[in-house]
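For reference, the chains in residue letters:
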Amino acid sequence: MRATVSEIVFDCADPAALVRFWAGLLGGDPVDRDPEWSYVEPPGFVRVAFQRVPEGKAVKNRVHLDLDAGDVEAAADEAVGTGAVRVGGVVRDDQGCFQVLRDPEGNEFCFLGD
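Only a predicted model underlies this, so the values are computations on that prediction, with no experimental measurement involved.

**Looking at the nonpolar core**
Here is step 1 of the chain: By size, the foremost hydrophobic cluster in this structure holds 21 residues, and its most contacted members are W22, F50, L101, F109 and F111.
Here is step 2 of the chain: Counting residues per element, the ones that place at least two in this core are strand 1 (7-12), helix 1 (15-26), strand 4 (47-52), strand 5 (65-70), helix 2 (72-81), strand 7 (96-102) and strand 8 (108-113).
Here is step 3 of the chain: When residues in this core are grouped by element, the largest group, five residues, is from helix 1.

**Regarding the sheet that holds strand 4**
Here is step 1 of the chain: Within the open sheet, the four strands sit side by side as 1-4-3-2. Their pairing is mixed. One side of each edge strand has no neighbouring strand; the edge strands of this open sheet are strand 1 and strand 2 (31-34). Adjacent strand axes in the sheet meet at a mean angle of 25° when their direction is disregarded.
Here is step 2 of the chain: Sheet topology note: the strand 3 (residues 37-40)/strand 4 ladder contains four bridges and is antiparallel. Residue pairing in the sheet places S38 in a bridge with F50 of strand 4.

Analysis parameters
- Residues numbered from 1 in each chain as written.
- Predicted model: local features only at pLDDT ≥ 70, side-chain atom pairs only at ≥ 80, totals over all residues.
- Heavy atoms only, no water.
- Core = buried A, V, L, I, M, F, W, Y, C linked by side-chain atoms within 4.5 Å.
- Buried < 20%, exposed > 50% of the residue type's maximum accessible area, 1.4 Å probe, protein only.
- Helix = DSSP H or I, 4+ residues; strand = E, 2+ residues; numbered from the N terminus.
- Pairing = 2+ DSSP bridges.
- Axes fitted to C-alpha atoms, helices over the stretch in contact; angles between N-to-C directions.

In structure tokens:
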């Protein structure tokens, strides 16, 4: 059997706020299904959903999104302007560069560039 990814779901405290942050990064229109569940369907990507849970994030993510940003520093500056937080600086090596960030609820993600 093979399965396909239909959506990626983040546990969070405020689905309506977090979906708007991610819609700003990925594109698409935020949808609030109810107070417990919101989602966005970014162009060319699977649905990204947000479900309310009672507990807060306590440790590093076990899974995170790597987003192709082209200009990593410009993308990080824009994301910080909408509520993200940088984790360290831009890392550069022979394969390109990346910047680790956290969304407004602390979920890590990376911007990748050349």
